[in-house]
Amino acid sequence: MHKVSDRSCYIGVFVPAQDDDMLICRCEEITKGEIRRAVHDGMFTLTEIRRYLRTGMGLCQGQTCGKLVTGIVARELGISPAALEPAFSRAPMRPIEMKVFGNEKEAEGHA
Amino acid sequence: MKRYDLIVVGAGPSGLSAAIEAAKSGLRVVVFDENANPGGQLFKQVHKFFGSKEHKAKIRGFRIGSELLEEANRLGVEVILNATVAGLFQDKEVTVRINDAINHYKGDAVVVATGAAENIVPFVGWTLPGVIGAGAAQTMMNLHGIMPGKKVLMLGSGNVGLVVSYQLLQVGCEVVALVDAAPKIGGYGVHAAKLARTGVPFYLSHTIIKAEGTNHVTGVTIGQVDRKWNIIPGTEKHFDVDTICMAVGLSPMAQLLKMAGCAMENNPQKGGYVPVCDAYGETSIEGVFVAGDVSGVEEASSAMIEGRIAGIATAEYLGFIDKAELTEKAETLENALSSLRQGMFAPENKGKLIEKTEEGYDISTHLLQNGFFTDQEVEKYPGVTKQPGVHAVIECSQNIPCNPCQDACPKHCIKIGDKITSLPVIDEQTTCSGCGLCVAACSGQAIFLVNEDYQEGYASITLPYEFLPLPAKGDTGWALNRGGEKVCMAEVVGVNTSPLFDRTNLLTIKVPVDMAMKARFFKGGSCHAQG
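Residues numbered from 1 in each chain as written. Chains lettered and ligands numbered in written order. Predicted model: local features only at pLDDT ≥ 70, side-chain atom pairs only at ≥ 80, totals over all residues.

**Q** Give me the overall build of chain A: which residues, what numbers.
**A** If you tally the helices and strands in chain A, you get 5 helices and 2 strands. The secondary structure elements of chain A, listed N-terminal to C-terminal, are α-β-β-α-α-α-α. For chain A, the spread of C-alpha atoms along the principal axes amounts to about 60 × 30 × 20 Å. The buried share of chain A, reckoned over its 111 residues, is 27%. (Helix = DSSP H or I, 4+ residues; strand = E, 2+ residues; numbered from the N terminus. Buried ≥ 20, exposed ≤ 12 C-beta atoms within 10 Å, placed from the backbone.)

**Q** Outline the interface of chain A and chain B, listing residues and values.
**A** Every contact between the two is made by 27 residues of chain A and, on the other side, 28 residues of chain B. At the level of secondary structure, the elements contributing two or more residues to the side of chain A that touches chain B comprise strand E1 (23–25), helix H4 (66–77) and helix H5 (98–101) of chain A. (Contact = placed C-beta atoms within 7 Å.)

**Q** I'd like a rundown of the sheet that holds strand E15 (residues 243–246) of chain B, residues and numbers included.
**A** Residue and element names in this part refer to chain B. The 5 strands are arranged E8-E15-E9-E10-E11 in an open sheet whose pairing can be described as parallel. Looking at the sheet topology across the chains shown, the edges are occupied by strand E8 (131–133) and strand E11 (202–204). Across the sheet, the axes of successive neighbouring strands diverge by a mean angle of 20°, strand direction being ignored. Two strands pair when backbone bridges link them, and strand E9 (residues 151–155) and E15 are joined in this way by 4 bridges, in the parallel orientation. When the sheet's bridge partners are listed, Met154 is paired in E15 with Cys245. Packed onto the sheet, helix H3 (residues 134–143) meets E8 and E15 and runs at close to 85° relative to E8. Docked against the sheet, helix H4 (residues 159–170) engages E9, strand E10 (174–180) and E15, running at close to 170° with respect to E10. (Pairing = 2+ DSSP bridges. Axes fitted to C-alpha atoms, helices over the stretch in contact; angles between N-to-C directions.)

**Q** Give me the lowdown on the pairing of strand E6 (residues 101–112) of chain B, citing residues and values where you can.
**A** Residue and element names in this part refer to chain B. The pairing of strand E1 (residues 2–9) with E6 spans 7 bridges and is parallel. Among the inter-strand pairings, Arg3 is bridged to a residue of E6, identified as Lys106. Direction of pairing for strand E5 (residues 93–98) relative to E6: antiparallel, over a ladder of 6 bridges. The residue bridging Val96 from the neighbouring strand is Asn103, located in E6. Between the antiparallel neighbours E5 and E6 lie 2 residues, among them Asn99 with a positive phi of about 55°.

**Q** An account of the domain arrangement of chain B is requested, with residue identities and associated values reported.
**A** All names here are of chain B. Annotation of chain B at the domain level lists domain 1 (2–116 + 250–340), domain 2 (120–246) and domain 3 (375–524). For domain 1 and domain 3, the distance between their C-alpha centres works out to 39 Å. With 11 residues of domain 1 in contact, the opposing surface of domain 3 contributes 10 residues. Its residues assigned to classes, the side of domain 1 that touches domain 3 shows 4 nonpolar, 3 polar and 4 charged. (Domains from an automatic or database assignment. Nonpolar A, V, L, I, M, F, W, Y, C, P; charged D, E, K, R; others polar.)

**Q** An account of the confidence of the model for chain B is needed here, citing residue identities and associated values.
**A** All names here are of chain B. Model confidence for chain B is summarised by a mean pLDDT of 95, while 99% of its residues fall at 70 or above. The low-confidence segment residues 527–531, where pLDDT is below 50, has 14 contacts with residues more than four positions distant or belonging to other chains. Interface confidence for the predicted complex, expressed as ipTM, amounts to 0.91; the pTM equals 0.95. (pLDDT = per-residue confidence, 0-100.)

**Q** Which residues make up the packing of H3(B) against H4(B), and what are the values?
**A** All names here are of chain B. Two elements in contact, H3 and H4, have axes whose closest approach is 10 Å; the angle formed by their N-to-C orientations is 30°. When the interaxial angle is binned, H3 and H4 end up roughly parallel. Crossing hand, H3 versus H4: left-handed. Touching Ala134, Ala137, Gln138, Met141 and Asn142 of H3 are Val160, Gly161, Val164, Gln167 and Leu168, all from H4. In the contact of H3 with H4, the residues fall into 6 nonpolar, 4 polar and no charged. (Parallel < 35°, antiparallel > 145°, perpendicular 65-115°, else oblique. Left-handed = near helix turned anticlockwise from the far one by under 90°.)

**Q** Can you tell me about helix H8 (residues 323–340) of chain B, naming the residues and giving the values?
**A** Residue and element names in this part refer to chain B. Taking 1.5 Å per residue, 18 residues should reach 26 Å; H8 reaches 25 Å between its end C-alpha atoms and fits that length. Largest kink in H8: about 25°, centred on Glu331. Within the sequence span of H8, burial applies to Leu326, Lys329, Leu333, Ala336, Leu337, Ser339 and Leu340. Looking at the buried positions of H8, the neighbouring elements they touch are helix H7 (300–317). (Expected span 1.5 Å × (residues − 1). Bend = angle between axes of the 7 residues up to and from the residue.)

Here is the structure:
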């Protein structure tokens, strides 16, 4: 856990790997290499990674890549994936067009 | 704002069960589901379920879905489809997307039963069209009547991988290989055996190196892994396929609960990040309950029971029933739930290598690595006996929670006892009538009727058969052994399609008597369909 909060912690240099160009987040087309680099750029939490790269911000909302991104970041930091807090969850839980999201229906109802 | 006593998120097995139990106690219940059809994954499940009678064992999944839906409707539960729950807020306010608007609802209690989503394994080419999840394969086949491909490689040997591979065979796909990085098959041996005897090869300790193709999958290369999951050079194997199907586990879809502020935990035994909840499914937020895969990945039978418990608990929470009634009703259900969690596939045994059954029989390593027993191994299990005349041979070797065979036999030849994970035992004091009810009742298709005195020099074998076209009496073809190899010629001497068998048709084949304990499948000489 300490590595996540301790930014001065040395995690070594970025070492290019053969599978760096493999797509991990399909929706936003982010590769494994980009995620690994982001960690070396100082993005140690999943929320930071998400804001920096937009992983998990696409159509599937990280349903497919969430676990993979966690695994890649954890490995880069040399910690267990369980030590990484998942990124924030907030509404809307599913991708919804702005025109729909803004169209709040007037309450009809029961007392 | 529209108000309900109970809002249920998700109309799958657990959500519907929760709604049913709550409605029984008089709660006004609404169920939202983002899909166009209710039932969650149930309507994609064409196989017979395991468990006991109370868990709807030997009933096919989609029929269970219809039953649940009917019951919910009868009790006045409102099921709103194409309704995406977008948020769960303070004081149990729920925002739901319906058509082109966001609607606000408020529940006095909420049950979140959002289920789980499929995991994937990335490899070179995994984003090519033709790489699909097992769930997608089931949706295509069982909801839309579309074949996912012609030649398929399945990654993942858990029950989902095994069951979906079998369904792929049923719709006429060729399953070229079943691959798993683990050193042993993860799902039930009986599910694996159904595949192995049709000739599907298993590659354990193997993983996918790459999917080949430019615009879509045209092939796949797999390789053997060492103990550190690295590919061993020189072990690469290539297959021409147009589809790669992944069944590599599920992760709970618990984002709604995290968002609501429920205490969460990372629990690998439950499949990942899940809400902390008590025995009734209540989370750290009073009145917010969870049931089914979202609270820990299991299967539909336990999801339905968890749903019922949560539904009853909401009734007590809102004062529709008293504590005593809750305790009484929940106790029966909790006992049923714990019986499903017994045996070698119990959650706490996940990943463990179990070498002996509870009764002390050796677990076949050959089965765990290849999907079938050796001819010698099979004889030692208590369901396998040698008797004159027709008798049941039960090739069941693992402690799994399932007992329909015991109730199926009108002559009481099959004994499991009170513990539903025990291996079935043939009572040699009884006489088999050869009715075949046990053959069709076994969800694992592990029961055969064998008659070594059928004719001079010939034995008859009655086997469960769920493929089309159905062979006819008089047809000839090959008998295949447990590993799917052709071992002798066989003639179909009987076909039984009684409605009682619910489409597990019984095929009786005649083979030379020395093949009585070897032949376990029939492949028609002229028919090219799988099986």
